[in-house]
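Remarks on the overall topology
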Amino acid sequence: MNDMAEALRIAVTLVLSGDGDLWEIVLLSLRVSLSATALACLIGMPLGALLATQRFAGRGAAIVCINALMGLPPVVVGLMVYLALSRSGPLGTFGLLYTPAAMIIAQTILIAPIVAALSRQVLEALHLEYDEQFRSLGLGRVAAIRALLWDGRFALMTVGLAGFGRAIAEVGAVIVVGGNIDHLTRVMTTAIALETSKGDLALALALGLVLMVLALVVNAAVHGVRNSEGQLAHA
Amino acid sequence: MTFRALTLALALCCASATSADTPSILVQSTTSTANSGLYDNLLPRFTEATGIAVNVVAVGTGQAIRNAQNCDADVLLVHAKSAEEAFVAAGYGVSRQDLMYNDFVIVGPADDPAGVAGLTDAGAALSRIAEAEALFASRGDDSGTHKKERALWEGTGADPDAASGDWYRETGSGMGATLNAAVGMGAYTLTDRATWLSFGNKGDVAVLVEHDPALFNQYGVILVSPDRCPDVKEEDGMAFIDWLTGRDGQSAIAEFTIDGTQVFFPNAPE
């Protein structure tokens, strides 16, 4: 297990040396996955709230579908987005293939169902609790959904983190639509795949360690926000 | 708070979705040229000379050709001459040119259960591997290397497909992943020499069969047809091809070494 110790040494050296290439890759990873998470939350949370609060025909089927879509294979999403954005595809004229925008689109599609499904679960429980109160206050649909989203914000942060975790860790979609182009679309996971294919296992593992630290930092930041807000609320 | 953060993130992603205005071309290429470090050596020189940035997507030859057929490339740089000629003949590309060559080698475990070490006849080596039913890792991904391997098997009369999943193991992945698998299970495999020399996880696997003329590996370069794909950057793509096949590019290819060994030999026509 020499590779493990070597990986740890390389990871520490890489981070401490402020390696320019590494930072570029780290920042792009964050930019792509945070953007995708933000977009997925914009789409998924209202959708989840709708499913949680409204009763309509086909609601059960919609919930099952969205739950099933949580299992979307990244490489399939990558392939679909590739076919759509390819120069010969329906959206080819925008020239988005092999750009960070394409990677954001693919990851958004990948994680929006996760955000929607988990939001629905969280908000449905909350809605049961609040329903009577909403009625007595005579709140309309939109106002009720807004109140739910606001009161459920801490649980929804965890939902967002689940989406982010899936986005930052996946390689199948971004490598197909991004192409792993150096200084343009290379992110942490595609760099790890590349170093593995070069047989440089220690460096690949070191990048993996850096990626895990990155996920830790993002989670800690959200945790910090939640705690400080929580304290304010109870002050 | 949440919505402000969302808006900020959105602005961030949209603002930088498009890259700067420097001219750039997109090259679909093989993993062997990218993984060996050749491009790291060549491309900065070309960009310095012309101001054109080169973005390389490194995939297997089969996938590179398919991507180029979808117009998702300006230039195609791969190693499967007959597939390249078919690509041009079908109108997807204009004039293919020889660029450089190197060679394939058969690598395998040091204890060499099939006894092929030192052979200079790749077909005979494969026959012995089939007879011994020794593990063989195949790319199985329609790449240039895979096409070469299939052609070599055809000459032997052995039928590896019948043993697929048994001693003949198709990884369906890139050269690096296949080498990792071969090292992991002590299998023989066919690889180009450049990838092998730059590969970092050799374990106890070594080059056993080399120097067969049948293992010759020609690389070619093709401009994707601007008639078929109107978005192709014809001028910049042609500048890249002219530079590669010209004096500067050819000598840069010859100067590239891995641990002191030259791995690509320029042979563009004068």
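Cut-offs and rules
Residues numbered from 1 in each chain as written. Chains lettered and ligands numbered in written order. Predicted model: local features only at pLDDT ≥ 70, side-chain atom pairs only at ≥ 80, totals over all residues. Helix = DSSP H or I, 4+ residues; strand = E, 2+ residues; numbered from the N terminus. Buried ≥ 20, exposed ≤ 12 C-beta atoms within 10 Å, placed from the backbone. Contact = placed C-beta atoms within 7 Å. UniProt positions renumbered as here; feature names shortened; annotations may be inferred. Domains from an automatic or database assignment. Nonpolar A, V, L, I, M, F, W, Y, C, P; charged D, E, K, R; others polar. Core = buried A, V, L, I, M, F, W, Y, C linked by C-beta atoms within 7 Å. Axes fitted to C-alpha atoms, helices over the stretch in contact; angles between N-to-C directions. Parallel < 35°, antiparallel > 145°, perpendicular 65-115°, else oblique. Left-handed = near helix turned anticlockwise from the far one by under 90°. Pairing = 2+ DSSP bridges.

1. Some remarks on the overall build of chain B
- Looking only at helices and strands, chain B has eleven helices and twelve strands in total.
- Structurally, chain B occupies a C-alpha span of about 60 × 60 × 40 Å along its principal axes.
- Classification of the 270 residues of chain B by burial places 46% in the buried group.

2. Describing unusual backbone geometry
- Phi is positive for Y98 of chain A, which is not a glycine, with a value near 60 degrees.
- Within the secondary structure, Y98 of chain A is located in the loop between helix 4 (74–85) and helix 5 (100–137).
- Judged by local crowding, Y98 of chain A falls into the buried class, with 24 C-beta atoms found within 10 Å.
- Residues other than glycine seldom take positive phi values, yet C71 of chain B does so here, at roughly 70 degrees.
- Its place among the elements puts C71 of chain B in the loop between helix 4 (61–69) and strand 3 (75–78).

3. Quick word on the interface of chain A and chain B
- Taken together, the contacts link 25 residues of chain A with 28 residues of chain B.
- Elements with a contribution of two residues or more to the side of chain A that touches chain B: helix 2 (20–53), helix 5 and helix 9 (188–197) of chain A.
- Of the residues forming the side of chain A that touches chain B, the biggest block, six residues, is contributed by helix 2 of chain A.

4. Focus: the UniProt feature "domain: ABC transmembrane type-1" (unreviewed entry) in chain A
- Here, UniProt's "domain: ABC transmembrane type-1" (unreviewed entry) annotation points to residues 26–222 of chain A.
- For the annotated span residues 26–222 of chain A, helix accounts for 79% and strand for 0% of the residues, and the straight-line distance between the end C-alpha atoms is 18 Å.

5. Details of the domain arrangement of chain B
All names here are of chain B.
- Assigned domains within chain B: domain 1 (23–101 + 218–266) and domain 2 (103–215).
- Look at where the C-alpha atoms of domain 1 and domain 2 centre, and you get two points 26 Å apart.
- The partner domain 2 presents 14 residues to the 18 residues of domain 1 that form the contact.
- Of all the elements in the fold, those that place two or more residues in the side of domain 1 that touches domain 2 are helix 2 (31–35) and helix 4.
- Broken down by class, the residue content of the side of domain 1 that touches domain 2 amounts to six nonpolar, eleven polar and one charged.

6. Let's talk about the nonpolar core
- A102, A106, V115 and V177 of chain A together with V75, L76 and V224 of chain B are the most contacted members of the largest nonpolar core, which has 112 residues in total.
- Among the elements that take part in this core, helix 5 of chain A stands out by supplying 18 residues, more than any other.
- Here V115 of chain A is in contact with A40, C41, G44, M45, V159, G160 and G163 of chain A, once residues within four sequence places are set aside.
- In this structure, A122, L126, F136 and V209 of chain B belong to the second largest nonpolar core, which totals 29 residues.

7. A short note on the UniProt feature "transmembrane region" (unreviewed entry) in chain A
All names here are of chain A.
- As annotated in UniProt, the feature "transmembrane region" (unreviewed entry) corresponds to residues 32–52, 64–85, 97–118, 154–181 and 201–222 in the numbering used here.
- Taken end to end, residues 32–52 has its terminal C-alpha atoms 29 Å apart, with 100% of it in helix and 0% in strand.
- In this annotation, residues 201–222 is assigned 100% helix and 0% strand; the end-to-end C-alpha distance for the span is 32 Å.

8. What to know about the packing of helix 4 of chain A against helix 5 of chain A
All names here are of chain A.
- Interaxial distance between helix 4 and helix 5 falls to 9 Å at its minimum, and their mutual angle equals 135 degrees. Put simply, helix 4 runs oblique to helix 5. You can see that helix 4 and helix 5 cross each other, and the crossing is right-handed. Between helix 4 and helix 5, the contacting residues are P74, V77, G78, V81 and L85 on the first element and A102, I105, A106, I109 and L110 on the second.
- Among the residues making up the contact of helix 4 with helix 5, the classes are represented as nine nonpolar, one polar and no charged.

9. Considerations on the pairing of strand 7 (residues 188–192) of chain B
Residue and element names in this part refer to chain B.
- Among the five residues that make up strand 7, five are buried, leaving the element largely enclosed by the rest of the structure.
- Burial along strand 7 is two-sided: Y188, L190 and D192 facing one way and T189 and T191 facing the other are all buried.
- Looking at chain direction, strand 4 (residues 93–109) and strand 7 are connected through four bridges and run antiparallel. Bridge assignment links I106 to a residue of strand 7, and that residue is L190.
- Across two bridges, strand 5 (residues 136–138) lies against strand 7 in parallel orientation. The partner of F136 across the bridge, within strand 7, is Y188.

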